[in-house]
Amino acid sequence: QTDMQIGEMFRPIPLWRLKNELKSPKSNKENVDASLLTAIFKSIVYGTPYPGYLFSGMLTRIKTDRMINRVRAGVVKACINRKARAKGQKEELQLALDLQNTNQAYLCGRLFAVLEHLQQSAVSANLNRTIKDAYFSSAASKPALVFPKLLMLSQNHMKKLNERKAVFYNKLIEEIVGKLNGEFPNTLMLDDQGRFMIGYYQQDQVFYQKRTEDNKEEK
């Protein structure tokens, strides 16, 4: 449970929930292979790395559904950290947003979340197709192909914001791009796609918490 926690609040994840997150939310008939569940349970009992298919299967679900929740993010985080631990390496993914993490994939994930929220702030009406709908999966695998286009689009969105918001988003984008040294990776392999997902999720949670706090203040 500790390995799968993502966020300051401890919220246990039951095995049935983990199983359900591997299935398409649009399907009631899809089954998860029993051998995978057995392998997951053995990893839980012995504290060994999770089976590779759990990691790749969860990434596929995230990219296909364009949706990552705390359970999916927790599984990805746990898979990456347990793999590092098995190699005697330091666990690299923290509970919450890690401003000291300079991994390129993690930073790309953070940047995508920022650009998505910038678009949401600039366009008040519901969009038929957001940058998440159009680019999330490709940004997670081929950042160099996608992010220059997204940054150009962001300038159009920036013009629609008031000065305070524009300054906020500009600073955040400059901070992340600066850590990337202005260059984006051409291709992200599977492990780095997982880091992208965690960077995206943790940055998105910061925006979500801020929006919740702002709503409380308004009330």
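Anyway, here's the lowdown on the structure attached to this text. This one's a predicted model, so the numbers in the text were calculated from it and none came from an experiment.

## Quick word on the overall build of the protein
Thinking step 1. Within the protein one finds nine helices and zero strands.
Thinking step 2. Listed N to C, the secondary structure of the protein is α-α-α-α-α-α-α-α-α in terms of helices and strands.
Thinking step 3. A globule of 219 residues ought to have a C-alpha radius of gyration of about 17 Å, and the protein, at 18 Å, matches this closely.
Thinking step 4. The dimensions of the protein, computed from C-alpha atoms along their principal axes, are 55 × 40 × 30 Å.
Thinking step 5. Taken across its 219 residues, the protein has 43% of its residues classed as buried.
Thinking step 6. Within the protein, contacts between residues separated by at least 24 positions form 72% of all contacts whose residues are at least 6 apart in sequence.
Thinking step 7. A total accessible area of about 12,300 Å² is found for the protein, and carbon and sulfur atoms account for 50% of it.

## Some thoughts on the nonpolar core
Generally speaking, nonpolar side chains in soluble globular proteins are found buried as a group.
Thinking step 1. Core analysis: the largest hydrophobic core is formed by 59 residues, its most contacted members being Leu54, Val76, Phe112, Leu115, Phe147, Phe196 and Met197.
Thinking step 2. For this core, the elements supplying multiple residues, two or more each, are α2 (34-46), α3 (52-65), α4 (70-86), α5 (104-122), α6 (131-141), α7 (143-158), α8 (163-179) and α9 (190-218).
Thinking step 3. The greatest single-element share of this core, amounting to eleven residues, is contributed by α5.
Thinking step 4. Residue contacts for Met197: discarding those within four places in its chain leaves Leu59, Ile62, Lys63, Ile68, Phe136 and Ala140.

How each quantity is defined
Residues numbered from 1 in each chain as written. Predicted model: local features only at pLDDT ≥ 70, side-chain atom pairs only at ≥ 80, totals over all residues. Heavy atoms only, no water. Helix = DSSP H or I, 4+ residues; strand = E, 2+ residues; numbered from the N terminus. Rg over C-alpha atoms; globule rule 2.2 N^0.38 Å. Buried < 20%, exposed > 50% of the residue type's maximum accessible area, 1.4 Å probe, protein only. Contact = heavy atoms within 4.5 Å. Areas by Shrake-Rupley, 256 points an atom, 1.4 Å probe, with all protein chains shown as cover. Core = buried A, V, L, I, M, F, W, Y, C linked by side-chain atoms within 4.5 Å.

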